[in-house]
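Architecture and fold: a report
Okay, here's what each chain looks like letter by letter:
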Amino acid sequence: MDSPDASPRATAPADAWHERTEPEDPDRLPAEFLVEGRRAVRAIIDDLRSRHVLVTLYAMPDRRRFAIVAIEQVDDAEVEIDLTGQDEFAAVLRRSQNAIGVAFPDRIKIQFDLSGLSVLPATDTHGPALRARLPGRLHRLQRRDAFRVHPPASDGTRCVRVLAPGTEASYTIRDISAGGLSVLVADDKAPPSPGETWTRCRIETARQTPIPCDLVVRRITPVGERTHLVGLSFGPMPGEVLRQVQILVIRIEKRLRSD
């Protein structure tokens, strides 16, 4: 197939990234949409497989050649994609070094690069298939603040803030995303102010080890006489800590969907 428009759209609004069907330039995407680590990447790609989400696969470097395919198998090392009925595109992939996959589960745009391509020939019972290395990273794009999960009460997911040596405050987390979280703050004192930084915080849950983080207050919404819903974004954090947050969000999402 030929893509109707594979060129970058520099004038498109930033929040339209998640709506465009074409692959994005990874170097131009915000870091908050990046998911790194094989465990987190495998969980997302395997979710596409288990839910039978179709993937638009683009042969590189010529993005005009693409096909609609399905992921057949995923493990810790490789991804296998069914190319049944795509013999012409399979021939294109044999000449390619890389490919880009784009999928849209639940209006979220997932984009990942595939390398180490190997096209398996068709057999008497199965069409051709593409085998590639499991990517170490991918991008998960959605409108800012749009994709948040609400932890079940049974998880006991809380944000703990160190106020002073030996003194802590614990808040119920109402929702959480890869970019931040919101908590309920009930206090006789004045609510926090936008821009205020909460250092030495941690996210606690019954299902995962505590995740250390710094938080920045972004929004304060009254929800009662002495209660406020406080929206916070994550401050800078090491890549491994960000991966822990992403894994937590993915686990909550999958569990909520299965309930």
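First, a word on scope: everything that follows refers to the structure included in this document. (Residues numbered from 1 in each chain as written. Predicted model: local features only at pLDDT ≥ 70, side-chain atom pairs only at ≥ 80, totals over all residues. Heavy atoms only, no water.)

**Digging into the packing of aromatic side chains**
Scanning the model with the defined rule gives two aromatic pairs in all. Residues Tyr 58 and Phe 66 carry aromatic rings whose centres are separated by 5.4 Å and whose planes lie at 40 degrees to one another, so their mutual orientation is tilted. This pair shows no difference in class: Tyr 58 is buried, exactly as Phe 66 is. (Phe/Tyr/Trp six-rings, centres within 6.5 Å; stacked < 30°, edge-to-face > 60°. Buried < 20%, exposed > 50% of the residue type's maximum accessible area, 1.4 Å probe, protein only.)

**A look at the pattern of salt bridges**
In a structure, side chains of opposite charge can pair up when their charged atoms sit close to one another. Per the stated rule, a full pass over the model turns up ten salt bridges. Notably, a salt bridge pairs Glu 80 with Arg 131, separated by 2.7 Å at the nearest N-O pair. In this pair, Glu 80 is assigned in strand E4 (residues 78-82) and Arg 131 in strand E8 (residues 129-133), connecting sequence segments 51 residues apart. Residue class for Glu 80 comes out buried when judged on its relative accessible area of 10%. Here Arg 202 ties to Glu 204 by a salt bridge, and the two come within 2.6 Å at their closest N and O atoms. In this structure Glu 204 comes out as partly exposed when scored by relative accessible area, which is 27%. (Salt bridge = Lys/Arg side-chain N within 4 Å of Asp/Glu carboxyl O. Helix = DSSP H or I, 4+ residues; strand = E, 2+ residues; numbered from the N terminus.)

**Re the sheet that holds E8**
One open sheet accounts for nine strands, arranged E1-E9-E6-E5-E2-E3-E4-E8-E7; its pairing is antiparallel. Taken across any chain shown, the strands that pair with only one partner, and hence form the sheet edges, are strand E1 (34-36) and strand E7 (118-120). Within the sheet, the average angular offset between the axes of one strand and its neighbour, ignoring direction, is 35 degrees. Pairing analysis gives six bridges linking strand E5 (residues 98-103) to strand E6 (residues 109-115), with the strands arranged antiparallel. Looking across to E6, one finds that Ala 103 is bridged to Ile 110. Where helix H2 (residues 87-94) meets the sheet, its contacts fall on strand E2 (55-60), strand E3 (66-74), E5, E7 and E8, and the angle it forms with E2 comes to roughly 45 degrees. (Pairing = 2+ DSSP bridges. Axes fitted to C-alpha atoms, helices over the stretch in contact; angles between N-to-C directions. Contact = heavy atoms within 4.5 Å.)

**A closer look at the state of the cysteines**
Joining two cysteines, a disulfide is a covalent bond between their sulfur atoms. Enumeration over the complete set of coordinates arrives at zero disulfides. Summary of cysteine pairing: Cys 159 is not part of a disulfide, and the nearest cysteine sulfur, belonging to Cys 201, is at 4.6 Å. No disulfide involves Cys 213; its sulfur sits 5.4 Å from the nearest other cysteine sulfur, which is in Cys 201. (Disulfide = S-S within 2.5 Å.)

**Observations concerning the pairing of strand E11 (residues 167-176)**
Relative to E11, strand E10 (residues 158-164) is paired through six bridges, and the arrangement is antiparallel. Note on E11: the bridge partner recorded for Arg 158 is Thr 172. From the end of E10 to the start of E11, which pair antiparallel, there are two residues, and Gly 166 there has a positive phi angle of about 85 degrees. As paired elements, E11 and strand E12 (residues 180-186) share three bridges and run antiparallel to each other. Note on E12: the bridge partner recorded for Ile 173 is Val 183. A loop of three residues connects E11 with E12, the two strands running antiparallel in sequence.

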